[in-house]
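Structural overview
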Amino acid sequence: MNTVIDPGRWEGSVAAARAQQTQLASRVERQDRLPKDVRWLAGLDVGFEDNGATTRAAAVMLDAKTLQPLAQEIARVPTVMPYIPGLLSFRELPALLAALALLPRTPDLVFVDGHGISHPRRLGVAAHLGVVTNLPSIGVAKSKLVGQFIEPGAEVGAHTPLLDGDEQLGWVLRSKVRCKPLFVAGGHRVSADSALDWVQRTLRGYRLPEPTRLADRLASRRDE
């Protein structure tokens, strides 16, 4: 696994956490720096147990060509902070990093159930994780956090830009008929267009792309 830099810590101050986000966001690379041959994908998601006292993170590794799952891992860690809008990555990251480290090899590209740069300070959980691990990452979110968009068409694959003023943060993608769209954005070392392309190529008839669909299913189970 790549060396992890200091991910930032929750010290009990919202202002300090926001300042850390701004500093980490300055390290985000918005251009493609993917391996020439992407072989291994990972999907990550988080759930909570014990009335929120335990953070449960799921990591799934897939073959990039066949999308067959090759490994899956769960990490449980004590929840380090309360839910605070806009600071979710500090709450989820310790468990996500623990689950990612359990995978048998380093993925070439990580899909995270959450936002990439489509965040008020441009550091959603996918961007935060990408920066601290130096891994290319994509955020696949189920709801909007920031920005404006025109509703995409009803057909699968229809997409419109997610904008904050003149800045494009990502894409709003209709991944399944009669389902709400997804909010797709680069996290780190993945451009908005490549993020969209990778999500589209990993759809298999469900609302979520396979990496985060499998991670979401694993993270929500309580029988592991």
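Check the entry above for the structure.
First things first, this report covers the structure right here in the doc.

Criteria and cut-off values
Residues numbered from 1 in each chain as written. Predicted model: local features only at pLDDT ≥ 70, side-chain atom pairs only at ≥ 80, totals over all residues. Heavy atoms only, no water. Core = buried A, V, L, I, M, F, W, Y, C linked by side-chain atoms within 4.5 Å. Buried < 20%, exposed > 50% of the residue type's maximum accessible area, 1.4 Å probe, protein only. Contact = heavy atoms within 4.5 Å. Helix = DSSP H or I, 4+ residues; strand = E, 2+ residues; numbered from the N terminus. Pairing = 2+ DSSP bridges. Polar contact = N/O pair within 3.5 Å; in protein donor to acceptor, adjacent residues only side chain to side chain. 1 Å grid on protein atoms, 1.4 Å probe; cavity = no way out; pocket = protein on both sides within 12 Å on 5 of 7 lines; lining within 4 Å. Points joined across faces, edges and corners; volume = space filled by probe spheres on them. Axes fitted to C-alpha atoms, helices over the stretch in contact; angles between N-to-C directions. Parallel < 35°, antiparallel > 145°, perpendicular 65-115°, else oblique. Left-handed = near helix turned anticlockwise from the far one by under 90°. Phe/Tyr/Trp six-rings, centres within 6.5 Å; stacked < 30°, edge-to-face > 60°.

We now examine the nonpolar core. Ranked by size, the top nonpolar core spans 26 residues in total, and within it Leu-41, Leu-109, Phe-111, Ile-138, Val-184, Trp-198 and Val-199 carry the most contacts. If we ignore the near neighbours within four places in the chain, the residues touching Phe-111 are Leu-41, Ala-42, Gly-43, Leu-44, Ile-138, Val-140, Trp-198, Val-199, Thr-202, Pro-209, Pro-211 and Thr-212. In terms of nonpolar packing, the next biggest core, distinct from the first, is built from 24 residues, Leu-44, Leu-93, Ala-95 and Val-110 among them.

Turning to the pairing of strand β5 (residues 137-141), a few remarks are in order. Burial within β5 is extensive, with five of its five residues counted as buried. Here β5 shows no split at all, with Ser-137, Gly-139 and Ala-141 on one side and Ile-138 and Val-140 on the other all buried. Where strand β4 (residues 109-113) and β5 come together, four bridges link them in parallel fashion. Pairing of Phe-111 across the sheet is with Ile-138, part of β5.

On to the environment of Leu-70, then. Summarising the element assignment, Leu-70 is placed in strand β3 (residues 69-78). Spatially, the C-alpha atom of Leu-70 lies 24 Å from that of Ser-175, the residues being 105 residues apart in sequence. Once residues within four sequence positions are removed from consideration, Leu-70 is found in contact with Trp-40, Met-61, Leu-62 and Asp-63.

Below, the discussion takes up the environment of Ile-138. You can see Ile-138 is positioned in strand β5. On the basis of relative accessible area, Ile-138 is assigned to the buried category, the value being 0%. Separated by 111 residues in the primary sequence, Ile-138 and Arg-27 have C-alpha atoms spaced 15 Å apart. Those residues in contact with Ile-138 that lie beyond four places of it in its chain are Leu-109, Val-110, Phe-111, Val-112, Ala-126, Val-184, Ala-185, Gly-187, Val-190, Ala-195, Trp-198 and Val-199.

Turning next to the side chain of His-115. Topologically, His-115 is positioned in the loop between β4 and α3 (125-133). A polar atom in the side chain of His-115 sits 2.9 Å from the side chain of Ser-118. Aside from chain neighbours lying at most four places away, what touches His-115 is Gly-124, Val-125, Ala-126, Ala-127, Gly-139, Ala-141, Ser-143, Lys-144, Leu-145 and Phe-183.

For the largest pocket, the calculated volume is near 400 Å³. Surrounding the largest pocket, 22 residues form its lining, Leu-88, Glu-92, Gly-114, His-115 and Leu-145 being those nearest its centre. Listed by contribution, the elements that provide at least two residues to the lining of the largest pocket are β1 (40-49) and α2 (88-102). Looking at which element gives the most residues to the lining of the largest pocket, the answer is α2, with three residues.

A few words now on the packing of α2 against α3. Each pair of packed helices gets described by two things: the angle between the helix axes and the distance between those axes. α3 packs onto α2 with a crossing angle of 50° between their chain directions and a minimal axis gap of 10 Å. Considered as vectors, α2 and α3 are oriented oblique to each other. Remark: the crossing between α2 and α3 carries right-handed chirality. Two secondary-structure elements touch here, α2 through Ser-89, Phe-90, Glu-92, Leu-93, Leu-96, Leu-97 and Leu-100 and α3 through Val-125, His-128, Leu-129, Val-132 and Thr-133.

Moving on: the packing of aromatic side chains. The geometry of two aromatic rings is summed up by the distance between their centres and the angle between their planes. Summed over the entire model, instances satisfying the criterion amount to one aromatic pair. Pairing Phe-149 with Phe-183 gives two aromatic rings, centres 5.3 Å apart and planes at 80°, and the pair type is edge-to-face. You can see Phe-149 sitting in the loop between β5 and β6 (159-164) and its partner Phe-183 sitting in strand β8 (residues 182-188), a full 34 residues away along the chain. Phe-183 sits in the buried class, given a relative accessible area of 6%.

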